[in-house]
Each structure stands twice: as structure tokens, then as C-alpha cells.
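Coordinate analysis (summary)
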Amino acid sequence: GHVKVARVLVMDGGADVNKTTSSGVTPLYIAAAKGHAEVVRLLVTEGKADVDKQTGRHAGNTPLHHAASKGHADVVRVLVVEGGARIDQPDRRGHSPLHRAARRDHHDACFVLCALGARMDLSLPEGAAPVVISNQPLAAWHNLASQFGGPLEVALERRDYPAALYLLRNRKIDRPAPRLVRE
């Protein structure tokens, strides 16, 4: 239902996908917050929505910040891979989308962000409260992934082959280390 309505509004009606509401959010921001991956895909690929537009009232969040903070891993993937969202863009407080996902223990969103190339450093600007990962499995995984080194390692370890191909195709990494390729 949502995709059909969005298609009619955007493609047939010529709706401005970057117009903000009175609270400073765009249709893409709303779709990302609600986890509507197919609507996000339509707005990004056909509507050419601005994936990095920061909101006025929400600490400078982008649709990627909000999708990550809600744990919508599928939307995170669409915004980064198909929309070209800047994966480490900070909000006005210096928080990245990974900070947002980690604070709320959204495992899948964290894994997707790391696999797609997000910096795994969770430190914040001086004076900001540190990101504490309260979920022990997520904290243990983050420590292990940080020791491994990079996003390709994370993608291969999780068998996230679409993310690994994205990294290779977009020159985010040259080639996998032989020790990482498994049967």
C-alpha cells in the first residue's frame, strides 16, 4: 500500500520529495523512521531524495541516523548502498549513525553499518557522554570486529556477501585478505 501511494505522489503527481514538514522532516526521514524500506528505495532511486538532508528540530539527524536509531537494518542498507548516504556523517552533537544504533543495542543495524564501512570507533567529541554498549554480545562483537580491522572483515565474518561486494565495487577496500576467505 505505502509504495503504491508514494509512487503515485512522486512519479505521477510530481511531489517534492525534499520538502520539509512544519517539524523539519522530509518524506524520506519519515519512511526511514518507520522502517518502510521499499518506500525509502522509491524515494531515493526514483524520487532522487536528498539522503543526507539534516532535520531542523531533531539534532541534525539524517534519515540514516533515524533508521539506525530505530534498528531498521534493511533501511540502513538501502540508504547507504542505493542512496549513497554518508555513513559516518555526524549530527550536531557529533553522533554518527553507528553511535545511534549502538546506544540502543540494535545489533543488526550495527552489523550492517560496520559491514558497509562505518568507522567502528565509538569515541565522541570531548565533553560528550560516551557510548556505552550495554548488551554484552554486541559489546563483545564490537571489540572483536575492531581488532579484526575493517568493514570487509566484518562483512565476511557475518557472511554478508552483498555488503562485501558493495565494498569491493566502490573501492572501499582493495581485496580480501586470504585468511578471511572461508569455505
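Quick notes on the rules
Residues numbered from 1 in each chain as written. Predicted model: local features only at pLDDT ≥ 70, side-chain atom pairs only at ≥ 80, totals over all residues. Heavy atoms only, no water. Salt bridge = Lys/Arg side-chain N within 4 Å of Asp/Glu carboxyl O. Helix = DSSP H or I, 4+ residues; strand = E, 2+ residues; numbered from the N terminus. Buried < 20%, exposed > 50% of the residue type's maximum accessible area, 1.4 Å probe, protein only. pLDDT = per-residue confidence, 0-100. Contact = heavy atoms within 4.5 Å. Core = buried A, V, L, I, M, F, W, Y, C linked by side-chain atoms within 4.5 Å. 1 Å grid on protein atoms, 1.4 Å probe; cavity = no way out; pocket = protein on both sides within 12 Å on 5 of 7 lines; lining within 4 Å. Points joined across faces, edges and corners; volume = space filled by probe spheres on them. Nonpolar A, V, L, I, M, F, W, Y, C, P; charged D, E, K, R; others polar. Polar contact = N/O pair within 3.5 Å; in protein donor to acceptor, adjacent residues only side chain to side chain. Axes fitted to C-alpha atoms, helices over the stretch in contact; angles between N-to-C directions. Parallel < 35°, antiparallel > 145°, perpendicular 65-115°, else oblique. Left-handed = near helix turned anticlockwise from the far one by under 90°.

Glancing now at the pattern of salt bridges. Side chains that differ in charge, positive against negative, can pair when their charged atoms come close. Considering all chains together, one arrives at three salt bridges under this definition. The partner of R41 in a salt bridge is E38, and the shortest N-O contact between them spans 2.4 Å. Taken together, the residues R41 and E38, both in helix α3 (residues 37-45) and three residues apart, mark about one turn of the helix. Accessibility expressed as a relative area gives 44% for E38, which makes it partly exposed. Taking the shortest distance from any N to any O, the salt bridge between R41 and E82 comes out at 2.9 Å. Taken as a pair, R41 in helix α3 and E82 in helix α5 (residues 73-82) lie far apart in primary sequence, 41 residues in all. Accessibility expressed as a relative area gives 35% for E82, which makes it partly exposed. By sharing partners, the salt bridges in this structure join E38, R41 and E82 into a single network.

A few words on the confidence of the model for the chain. Caution applies to low-pLDDT regions: their predicted coordinates should not be interpreted in detail. Within the chain, residue pLDDT values average 77, and 70% of them lie at 70 or more. Predicted confidence is poor over residues 174-183, with pLDDT under 50, and the contacts of this stretch with residues over four places away or in other chains come to twelve contacts.

Core analysis: the biggest nonpolar cluster contains 43 residues, and L28, V40, L43, L79 and L113 have the highest contact counts within it. Contact partners of L113, with chain neighbours within four places excluded, come to L64, A68, V76, I87, P97, L98, A101 and A118.

Okay, the layout of surface pockets next. One number sums up the size of the largest pocket: a volume of about 280 Å³. Taken together, 15 residues make up the lining of the largest pocket; nearest its centre are A6, L9, P27, V39 and L43. Elements represented by at least two residues in the lining of the largest pocket include exactly α1 (2-12), α2 (27-34) and α3. If you tally residues by element for the lining of the largest pocket, the top one is α1, at five residues. Taken together, the residues that form the lining of the largest pocket break down as eleven nonpolar, two polar and two charged.

Moving on: unusual backbone geometry. What you tend to see is this: most non-glycine residues have negative phi, and most peptide bonds are trans. Even without a glycine there, the phi angle at K48 is positive, about 55°. Tracing the chain through its elements places K48 in the loop between α3 and α4 (63-70). By relative accessible area, K48 is classed as exposed at 60%.

With respect to the helices and strands, the residue S69 is situated in helix α4. Reaching out from S69, the side chain makes a polar contact with the backbone oxygen of H66 at a distance of 3.0 Å. In contact with S69, not counting residues within four places along its chain, are R100, R104 and H106.

With respect to the helices, strands and loops of the structure, D52 is situated in the loop between α3 and α4. When the C-alpha positions of D52 and L64 are compared, they lie 7.8 Å apart, and in sequence the two are twelve residues distant.

This part is about the packing of α2 against α4. For the pair α2 and α4, the least separation of the axes is 8 Å and the interaxial angle reads 15°. Put simply, α2 runs roughly parallel to α4. The hand of the α2/α4 crossing is right-handed. Contact with α2, carried on its side by L28, Y29, A32 and A33, involves P63, H66, A67 and K70 of α4 and no other residues of that element. A per-class count over the contact of α2 with α4 returns six nonpolar, one polar and one charged.

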